[in-house]
Each structure stands twice: as structure tokens, then as C-alpha cells.
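Below are the chains, spelled out letter by letter.
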Amino acid sequence: MVAGVSLFPFMNATMKYLALHYPVPQIVWARFTGHLIIMLVVFLPHYGRRLIATRRPAIQLARSVLMLVSNLVFVAAIGRVPLATASAIGFTSPLLVTALSMPILWERVGPRRWSAVIVGFLGALLVIRPGAGFADPAVLLLLISSGAYALYQILTRWISAYDTAATGIVFAALMGSLATSLWMPFVFIPPRTWFDAALFVGIGLLGGFGHYLIIRAFQLGQAAVLAPLGYVELVGTATL
């Protein structure tokens, strides 16, 4: 879990840079399509057709849609607000995961876990110091992104009892890749430099590998326990 979330600050910073020069759908397309291709190359030789054989297709597709919504609105907003502000708002996600893990997953959340989440959130605000960035209307998009990602994590924990992590990571990118691929003929801008092209490839790699580690973590532990570990992300965010 810690290794997975530690990759996200670099992905977020890369997407913020690309958002200055490229349309949002293209960035999201690169993130999901790169993710999907890499995961298929890694897992398809071992799993074959079993890679997309899910016992709960509706849940897997719902996860995929939630991931698409979360990333689409996040990239749309991140070009308008400071990275620190975006990350601080993103840290509301562990609070939502902890709260939703009780009615949806029937997990027990005691005072110590709630304390860990709340203290972590306050600590994140103290370190990042988002400041006046909260006044931007794009903050609403970031809150939507955080809520969608929290629901994605809850469903990831729920589906882990039925499908493998490899199946989960492929479905996580499936709808995002398909939907944005239909968009590409209308908005695609060729990368200006080889550096930009490498960044497009990099966000797919970081997103795919990071989310695979998170899915494995949710297969092995309770959502309410794992959610506060997302605050490790603040180290990379503060540095960037």
C-alpha cells in the first residue's frame, strides 16, 4: 500500500505539467491506455482468458467507471489549482473510505482508527499548507474526484473476495481506455517533444503499477486500516 501511494505524487505532478499544453481527455487516455497495455503485457501470458473472467462483472465495471470519473475531473481541476491544494483535498478520501467501510463492508472501525485518519488529515494540511487555493471553483471537481476514488477503493476491497488482483487492475483501466479512445480523434495533439512523449508513457506506467499494489493491499487488509496509509503521499507531494 505504501509503495503504491508513494508513486502517485509523481503521476499527479506529471499530469499537472501536461495539462498546461494538452487537452484533459488526451492525458486521461494516456494514463488509462498505458496502464491497460502494460498490465496486459505483464499478466496476459500467465492468466490468458482468465484475466478478464470476473465473477462480479457489474462491480468491476462500476469500479472502472468510478476510476474514470475520478481521474477525468481530477485532471480537469489540477491545471487550475496548486498541486498542494489538490492533494490536500484528495486526503478527504481516507475519511470517506473509513466512514463507508462500516455500512458497506461491515468492517469495525474503532476510535483508534478514526483518530489515525483524522490526525493524518490534519497533519497533511499542516505540512502541505494549501492556503487560498481552496477558493477556486475547481475545488468542487476535486471533491468529486475524492469521493469517486473512495467508492472505488471500497468496491476494490469488496471485489477482492471474488477476483484476483490482476483481474482488478485490468478492469480498473478498461472503461477509461475505451471511453477516451473514442474521444481521441477529436482532441489529440501530437507530443511536442520526446520528453512530453515519455511523460505520457510514464503516467500509464506509474498509474498501473501503483494501483496494482493498492489492489493487492486491499486483498490482504481491511479498508479502514489501509486508508490512513494514503497519507504517505504527502511526503512526495510536499517535496514536488
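Residues numbered from 1 in each chain as written. Predicted model: local features only at pLDDT ≥ 70, side-chain atom pairs only at ≥ 80, totals over all residues. Heavy atoms only, no water.

Undergrad: Give a detailed account of the overall build of the protein, specifying residues and quantitative values.
TA: Broken down by element type, the protein carries eleven helices and zero strands. Taken from the N to the C terminus, the helices and strands of the protein come in the order α-α-α-α-α-α-α-α-α-α-α. Residues counted as buried form 50% of the 240 residues belonging to the protein. Total accessible area computed for the protein in this model is approximately 11000 Å², and 73% of it derives from carbon and sulfur atoms. (Helix = DSSP H or I, 4+ residues; strand = E, 2+ residues; numbered from the N terminus. Buried < 20%, exposed > 50% of the residue type's maximum accessible area, 1.4 Å probe, protein only. Areas by Shrake-Rupley, 256 points an atom, 1.4 Å probe, with all protein chains shown as cover.)

Undergrad: Describe in detail the packing of helix α4 (residues 83–90) against helix α7 (residues 138–159), supporting the description with residues and values.
TA: As a packed pair, α4 and α7 sit with axes 9 Å apart at the nearest point and diverge in direction by 40°. In terms of their interaxial angle, α4 and α7 are classed as oblique. For the element pair α4 and α7, the recorded crossing hand is right-handed. Contact with α4, carried on its side by Ala86, Ile89 and Gly90, involves Val139, Leu142, Leu143 and Ser146 of α7 and no other residues of that element. (Axes fitted to C-alpha atoms, helices over the stretch in contact; angles between N-to-C directions. Parallel < 35°, antiparallel > 145°, perpendicular 65-115°, else oblique. Left-handed = near helix turned anticlockwise from the far one by under 90°. Contact = heavy atoms within 4.5 Å.)

Undergrad: Can you explain the nonpolar core? Please cite residues and give values.
TA: In terms of nonpolar packing, the biggest core is built from 39 residues, with Met15, Leu18, Ile27, Phe43, Leu142, Phe200 and Ile203 touching the most fellow members. Counting only elements with at least two residues in this core, the list comes to α1 (2–18), α2 (24–47), α3 (57–78), α4, α7, α8 (165–187) and α9 (194–220). Counting residues per element, this core draws most heavily on α2, which supplies eight residues. (Core = buried A, V, L, I, M, F, W, Y, C linked by side-chain atoms within 4.5 Å.)

Undergrad: Give me the lowdown on the pattern of salt bridges, citing residues and values where you can.
TA: Applying the stated criterion to the full structure yields one salt bridge. We note a salt bridge from aspartate 196 to arginine 192, for which the minimum N-O separation is 3.2 Å. Residue aspartate 196 is classed as buried on the basis of its relative accessible area, which comes to 1%. (Salt bridge = Lys/Arg side-chain N within 4 Å of Asp/Glu carboxyl O.)

Undergrad: Quick one: what's the story with the confidence of the model for the protein, residue by residue and with numbers?
TA: Scored by pLDDT, the protein has a mean of 78; 68% of the residues are at 70 or more. Mean pLDDT in the protein bottoms out at helix α10 (residues 223–226), which sits at 54, and peaks at α3, which reaches 91. Segment residues 1–5 is flagged for pLDDT under 50; beyond a separation of four residues in sequence, or across chains, it makes 19 contacts in the model. (pLDDT = per-residue confidence, 0-100.)

Undergrad: Kindly report on the packing of aromatic side chains, identifying the contributing residues and their values.
TA: What describes a pair of aromatic rings is the distance from one ring centre to the other and the angle between the planes of the rings. One pass over the structure, following the stated rule, counts six aromatic pairs. Ring geometry for tyrosine 17 and phenylalanine 195: centres 6.2 Å apart, planes at 70°, overall edge-to-face. Of this pair, tyrosine 17 sits in helix α1 while phenylalanine 195 sits in helix α9; the two residues are 178 residues apart in sequence, bridging distant segments of the chain. Since its relative accessible area comes to 51%, phenylalanine 195 is described here as exposed. Ring geometry for phenylalanine 43 versus tyrosine 47: centroids 6.1 Å apart, planes at 65°, classification edge-to-face. Pair noted here: phenylalanine 43 and tyrosine 47 are both in helix α2, with a separation of four residues, about one helical turn. Comparing phenylalanine 43 with tyrosine 47, the two get one shared label, buried. The cationic tip of arginine 31 hangs over the ring face of phenylalanine 32; the distance from NZ or CZ to the ring centre is 4.8 Å. Of note, arginine 56 hangs over the ring of tyrosine 162, and the distance from its end group to the ring centre comes to 4.1 Å. (Phe/Tyr/Trp six-rings, centres within 6.5 Å; stacked < 30°, edge-to-face > 60°. Lys NZ or Arg CZ within 6 Å of the ring centre and 35° of its normal.)

Undergrad: Lay out the environment of isoleucine 89 with the relevant residues and their values.
TA: Counting through the fold element by element, isoleucine 89 comes out in helix α4. You can call isoleucine 89 buried: its relative accessible area is 3%. Note: C-alpha distance between isoleucine 89 and valine 139 (50 residues apart in sequence) is 7.7 Å.

Undergrad: So what's going on with the packing of α2 against α8? Which residues, and what values?
TA: Two elements in contact, α2 and α8, have axes whose closest approach is 7 Å; the angle formed by their N-to-C orientations is 140°. Classified by the interaxial angle, the pair formed by α2 and α8 is oblique. The chirality of how α2 crosses α8 is left-handed. Grouping the constituent residues of the contact of α2 with α8 by class yields 18 nonpolar, seven polar and no charged. (Nonpolar A, V, L, I, M, F, W, Y, C, P; charged D, E, K, R; others polar.)

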